[in-house]
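# Chain and residue survey
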Amino acid sequence: MSMDSAVSIGWDVLKWVVVPVKRQFGYVISSKSYAQDLQKEVGKLAYEADMVHNDVEVARNNSREVYSHVVEWRAKAEKALKEARDLLGDFEKASKTCCYGSLPEPCCRYQFSRKAKHMIEGIQQLAQEFSEFKYISFSGTAPGNAAASTPAKREGKDVVQSTISMASASFASMSIKLKDDGMVQSRELIMQEIMAALADNNNSVVGIYGMGGVGKSTLLDDAERRIKKAKSFDWVAKADVSENQDVKRIQGEIAHALDLDIKDVEYVNSRAERLRTRLEKEVREKKKVLIILDNLWKGLDLKSVGIPCGHNNKVIGCKLLLTSRFQDVLRREMGCDRDFLLDALKEEEAKRLFERTVGDKVHHDPFKSLVDEALNKCAGLPFLIIAMANVFRDADFREWKDVLRQIEMSTNKGISERINEMLQLSYNRFKGEDGKEVKSLLRLCVVYGVSKPSLENLLRYGVGSRLFREDSSMEEVRDRLSSLIRTLKASSFLLEDDEDVDGFKIHDLVRGFIASVASSDDPLLVLKNHDKPAIELPKDKLKSCTAVRLTRSPSPFQFLENLHTLCLNGCSLDDVVMIGELKWLRVLSFANSKIQRLPKEIGQLVELRLLDLNHCSKLEIIEPGVLGSLMKLEELYMENSFDHWNAVEQTPPTNAGLIELNNLKNLCTLHVSILDPSVLPEDLNIEKLTKYQIRIGDVPHWRSRNGSSTLELQLDPMSDILRKGCIHTLLGKTDGLFLDRLNGIEQSICALSHKGFPKLKYLRVENSPSVHYVLQSPSHTEFKMLESLLLDSLINLEKICNNHISSNSFSALKVVRVENCDKMEVLFPLSLLRELPHLEEIQVVRCHLMREIVEVDDCGKLELRNLHVLKLRDLPNMKNFCTAGMAPSSCTSNDHVGTQVAFFNGQRNSTK
């Protein structure tokens, strides 16, 4: 054998022996690196699994069928995450018991690294499969898989959830005490009977009846609040039926409560089928559904709405809670099993309600002598009592006597006429130009025929009907509208809406009264004329119109030269060129329409103040220069709509460019989506914006938002968008910020803006490996206004703050939610928690290394009296809520009681 052959053979043998030995030895010396890599992959997969989970829930809520390969992927991902977290946990325990807590012994490291390597490869394979998902679901009946047992929207402030063992066993069984809402005794007794009837399995339909103004809707609102708080039903949906039944609107209100998206379904029958399929799915899955239908004037055909029912209109599967003026409607037409009469208030109850509204002067002479006389005129009706009390509240004694003298003339009339007399007295108090505006707004509210008119629609049609001064800006119009609504609320013509702080309701008694006094030929607004669409009205009628809402494509625009407002919502539009002839148009809406192209003729609308292109998903082309020509435009809405923006350097332009917005010197409101961040101009002038919703990147459209000025960024690792001046300007003025995929050199959120975040109220950060802290000291940045902090899948997040900070930094914080942040060990140091007096909610979920919520770094008792929600789940390393450990050096010798944390208004304590 030659020397060369021997060397060759020897080298081969060496490779077969040494290389494997090197690989095995590498498992031992690189165990820490394998742990870091595995933790990083776990964070990524957890984020992807959450995205798929959310999409699956949305699909199932909308009666779509989830692809089988997606279901299989979720199961594999959950298994992989559990195994990886268990392995990391075992490795960490071994690290604490060997080599002074630094590394386990070599055999343990070897075994861990081999398993970690295989797990990393498996997780990366799952990530590759995830990236190939094009669609999660398809149309069809969803399988009978259970939805989330507790829908997120039903989680109220008084819910306490905890799935880890706490120091006190009673911690998880805290009772919820309903607040004292001042309900009078007679109403409270009926409320208890209603709750008992709904709980009885023999009843599927429960009803409340009584005359107008007796308080049925108010009682129903309170019942809804109690039901949601008690969580006695999995889903609670409510719709206002009203005298003029609008089935499409009723369907929309119920679907919204069920998180069912039917906005794009045009026909009532198709919408009913989608709703019926969803409700039947909930019944199959043993979910309890309550549908509340308020203000039934006649029977409602449940089948036409999409509520499962039998041939006799009897509901099947769900439960109904109804109100009506007429017992026959409840029993004969709706199949009511139990109904309750809501009668007038008793004398003492009526007096308390009157006194509460008028004030202390009812107890003093000379007013005291007239109280009983005034109440006798109100017949115990809460609506009439409050209306009367509001008239008397700011009146002197002579005015009291005069009002009662006028009412005396109607004492022999029926109660409905007496109500109108009372309302007429209040109505007559609106005088002068201001009074004229108030009365016009009331007529506009009544045209809708529903109890909750849309504030935005009132504004748009109010502009069209010239309710406001023509030289007013849109901001001034909004301010004026708010002022008028406050006036009407103070006079009881409009009622507060408990579900919407900015909303309002109009009582059907008021609607009836206003309809009787309004001019029948007032050209205030044309929606329908004896069920004829506006487009079929006579030419002389069209010429007098100043605001029109159409539901199909228009043609006779030559007769609409006076038009100020045109709403083509939900229309199938082929050609809108003729709209360019409406030179006086101030408000134009194509919302939810099928428009595909915005032609250059729209640029001729030089008086336009508001353009709404929201949810125009088929809009592909906006002719270059159109937007830039609308020089007086103040509000532009393009949410979930056009996003094919041309870059500044593209020549010739084939579509609209964002740079055109610089021509709009009056633009103050902008809702826009920018799919490609590279088209964002460096010099885009956004200083003038006061309200905006700007989405940059492929941000999910289903995500809920908070704030009136929100910025949502999903970043490309190679993008330099955070360095653009317009983004820095927005960061300094936004009140809602969503950040996804931050991966730059910044280790903290505060480093993103040189101007700080002086107005930021809502912050959500996801899937951003570069983030180690929210606030990093030393820094001049403070989050003084921040109310909500949501952190998800930040694989390198260590702490909220890396050092002691200013006492004002998080002083307004109410909500903290942290999920899938596997490097976090402690949520708050005690010193920081002391600076959060308004904290209402803490949620920590799937944080692998989280060992305690509060780390004690000083002494004494801490009270979190506003904390209502505590949710701790999937925290395998969690030992205690708070561990005092060794007393800090700042503690005195007299501090022998240790540290105490009291929360839930002092009802529970966790000590040492």
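As a convention, each chain's residues are numbered from 1 in the sequence order in which they are written. For this predicted model, a pLDDT threshold of at least 70 governs which residues receive local features, and a threshold of 80 or more governs which side-chain atom pairs are given and counted, while totals over whole chains, interfaces and linings are taken from all residues. The basis for every side-chain value is the complete set of non-hydrogen atoms in the structure, without hydrogens or water.

## A short note on the overall build of the protein chain
Helix and strand counts for the protein chain stand at 23 helices and 34 strands. Buried, partly exposed and exposed residues are distinguished by accessible area as a fraction of the type maximum, computed with a 1.4 Å probe on protein chains only: under 20%, between the cut-offs, and over 50%, respectively. Each of the 912 residues in the protein chain was classed as buried or not, and the buried ones make up 51%. Only heavy atoms enter the contact rule, under which two residues are in contact if any of them lie within 4.5 Å. Long-range pairs, those at least 24 residues apart, make up 69% of the contacts in the protein chain with a sequence separation of at least 6. Secondary structure follows DSSP: runs of H or I at least 4 residues long count as helices, runs of E at least 2 residues long count as strands, and numbering of each begins at the N terminus.

## Here's the deal with the confidence of the model for the protein chain
Residues at a pLDDT of 70 or more form 78% of the protein chain, whose mean pLDDT is 78. Known as pLDDT, the predictor's per-residue confidence is scaled from 0 to 100. A low-confidence stretch, residues 140-182 (pLDDT under 50), is modelled with 90 contacts involving residues beyond four sequence positions or located in other chains. Low pLDDT, under 50, characterises residues 885-898; the stretch is placed with nine contacts to residues that sit more than four places away or in other chains.

## A word on the sheet that holds strand β6 (residues 289-296)
Across a sheet, strands are paired by hydrogen bonds formed along the backbone, either parallel or antiparallel in direction. Taken in spatial order, the five strands line up as β5-β6-β7-β4-β8 in an open sheet, and their pairing is parallel. Each having just a single partner strand, β5 (235-242) and β8 (338-341) make up the two edges of the open sheet. Taken pair by pair, the neighbouring strands of this sheet meet at an average axis angle of 15°, ignoring direction. All axes are obtained by fitting lines to C-alpha atoms, using only the stretch in contact for helices, and the reported angles, taken between N-to-C directions, cover 0 to 180 degrees. Packing against the sheet, helix α5 (residues 185-199) makes contact with β4 (205-209), β6, β7 (319-324) and β8, and its axis sits at approximately 175° to β8. Any two strands with at least two DSSP-identified bridges between them are counted as paired.

## So, the nonpolar core
Judged by nonpolar contacts, the single largest core of 106 residues is most densely connected at I579, F590, L611 and F810. In terms of residue count, helix α22 (residues 725-731) provides more of this core than any other element does, four residues in total. To form a nonpolar core, buried Ala, Val, Leu, Ile, Met, Phe, Trp, Tyr and Cys residues must be joined to one another through side-chain atoms within 4.5 Å. Formed by 77 residues, the second largest nonpolar core is a distinct cluster that contains A350, L425, V477 and L494.

## Some points on the packing of helix α16 (residues 432-447) against helix α19 (residues 508-517)
The interhelical angle for the contact between α16 and α19, taken along N-to-C directions, is 115°, at an axis separation of 9 Å. By the criterion of interaxial angle, the relationship of α16 to α19 is roughly perpendicular. Our pair here, α16 against α19, has a crossing hand that is left-handed. Every residue of α19 that contacts α16 at L442, R443 and V446 is listed here: V510, R511, I514 and A515. Under the grouping applied here, Gly and all other residues not named as nonpolar or charged are polar, the nonpolar ones being Ala, Val, Leu, Ile, Met, Phe, Trp, Tyr, Cys and Pro and the charged ones Asp, Glu, Lys and Arg. Considered class by class, the residues forming the contact of α16 with α19 number five nonpolar, no polar and two charged. Comment on the angle field: the value is read as roughly parallel under 35 degrees, roughly antiparallel over 145, roughly perpendicular from 65 to 115, and oblique elsewhere. Should the near helix be turned anticlockwise from the far one by less than a right angle, the crossing is left-handed, and should it be turned clockwise, the crossing is right-handed.

## Description of helix α13 (residues 382-393)
Take the number of residues in a helix, subtract one, and multiply by 1.5 Å to get its expected span. Between the first and last C-alpha of α13 there are 16 Å, a value that for twelve residues agrees with the 16 Å anticipated at 1.5 Å per step. Across the twelve residues of α13, ten count as buried, placing the element largely inside the fold. For α13, the set of buried residues is P382, F383, L384, I385, A387, M388, A389, N390, V391 and F392.

## Comments concerning the packing of helix α7 (residues 247-257) against helix α8 (residues 268-284)
One can describe the packing of α7 onto α8 by two numbers: an axis separation of 10 Å at closest approach and a directional angle of 25°. Of the possible angle classes, the one that applies to α7 and α8 is roughly parallel. At the point where α7 passes α8, the crossing takes the left-handed sense. Residue-level inspection shows V247, K248, Q251, G252, I254 and A255 of α7 in contact with α8, the latter providing V268, R271, A272 and L275. For the contact of α7 with α8, the residue count by class is six nonpolar, two polar and two charged.

## Thoughts on the state of the cysteines
Here, two cysteine sulfur atoms that lie within 2.5 Å of each other are counted as a disulfide. Using the criterion set out here, one finds zero disulfides in the structure. Just so you know, C571 is unpaired, no disulfide at all, and the nearest cysteine sulfur is the one on C567, 9.8 Å from it.

## A few points about the pairing of strand β24 (residues 762-766)
Summarising the sheet, strand β23 (residues 736-740) and β24 pair through five bridges and their orientation is parallel. Paired with D740 across the bridge in β24 is E766. As paired elements, β24 and strand β25 (residues 788-792) share five bridges and run parallel to each other. In the sheet register, R764 faces β25, and the bridge partner there is L790.

## So, the UniProt feature "coiled-coil region" (unreviewed entry) in the protein chain
UniProt positions are given in the numbering used here, feature names are shortened, and annotations may be inferred rather than shown by experiment. UniProt records the feature "coiled-coil region" (unreviewed entry) for residues 262-289 in the present numbering. For residues 262-289, the end-to-end C-alpha separation is 19 Å, with 61% helix and 4% strand making up the annotated structure.

## Digging into the packing of aromatic side chains
Each Phe, Tyr or Trp ring (for Trp, its six-membered ring) is paired with any other whose centre lies within 6.5 Å, and the angle between the two planes then decides the class: stacked below 30 degrees, edge-to-face above 60, tilted in between. All told, the structure shown has eight aromatic pairs when counted by the stated rule. Each ring, one from F430 and one from F493, has its centre 5.6 Å from the other, and the planes form 50°; the classification is tilted. Taken as a pair, F430 in the loop between α15 (415-427) and α16 and F493 in the loop between α18 (474-490) and β9 (495-496) lie far apart in primary sequence, 63 residues in all. With respect to class, F430 is no different from F493; both count as buried. Measuring from centroid to centroid gives 5.5 Å for F757 and F783, while their planes differ by 15°, and the two rings are stacked. Highlighted residues: F757 in the loop between β23 and β24 and F783 in the loop between β24 and β25, separated in sequence by 26 residues. In terms of burial, F757 and F783 fall into one category: buried. Taken together, the ring pairs in this structure connect Y427, F430, F493 and F513 into an aromatic cluster. Positioned above the aromatic ring of W235 is the side chain of R278, whose terminal nitrogen or guanidinium carbon lies 4.9 Å from the ring centre. Comment: the charge-over-ring label is applied if NZ (Lys) or CZ (Arg) is within 6 Å of the ring centre and within 35 degrees of the ring normal. The aromatic ring of Y427 is capped on one face by K439, whose charged end is 4.8 Å from the ring centroid.

## Some thoughts on the pattern of salt bridges
Note on definitions: salt bridges are taken to be side-chain nitrogens of Lys or Arg within 4 Å of carboxyl oxygens of Asp or Glu. Tallying each qualifying case throughout the model produces 44 salt bridges. E282 is the partner of K281 in a salt bridge, and the nearest nitrogen-oxygen pair spans 3.9 Å. Accessibility classification places K281 together with E282 in one group, the buried group. Here E437 and R480 are joined by a salt bridge, their closest N and O atoms 2.4 Å apart. Of this pair, E437 sits in helix α16 while R480 sits in helix α18; the two residues are 43 residues apart in sequence, bridging distant segments of the chain. For R480, a relative accessible area of 25% translates into the label partly exposed.

## Concerning unusual backbone geometry
The omega angle of the peptide bond from T651 to P652 is -15°, so this bond is cis rather than trans. Inspection of the secondary structure assignment puts P652 in the loop between β19 (635-637) and β20 (669-674). Unlike most non-glycine residues, K231 shows phi in positive territory, near 55°.

## Overview of the side chain of D740
Relative to the assigned elements, D740 resides in strand β23. Classification of D740 as buried rests on a relative accessible area of 0%. By the criterion applied in these results, polar contacts are pairs of N or O atoms within 3.5 Å in which, for protein atoms, one can donate a hydrogen and the other can accept it, and in which residues neighboring in sequence qualify only through two side-chain atoms. Of the polar contacts made by the side chain of D740, one reaches the side chain of Q714; its length is 2.8 Å. With residues up to four places along the chain from it excluded, the contact list for D740 reads Y47, L713, Q714, L715, E766, N767 and S768.

## Some details on the environment of V844
Inspection of the secondary structure puts V844 in strand β28 (residues 841-845). Along the chain, V844 and R873 lie 29 residues apart, while their C-alpha atoms are 6.6 Å from each other. In this structure, V844 is in contact with V818, L827, M850, I853, K871, L872, R873 and L875, ignoring residues within four places of it in sequence.

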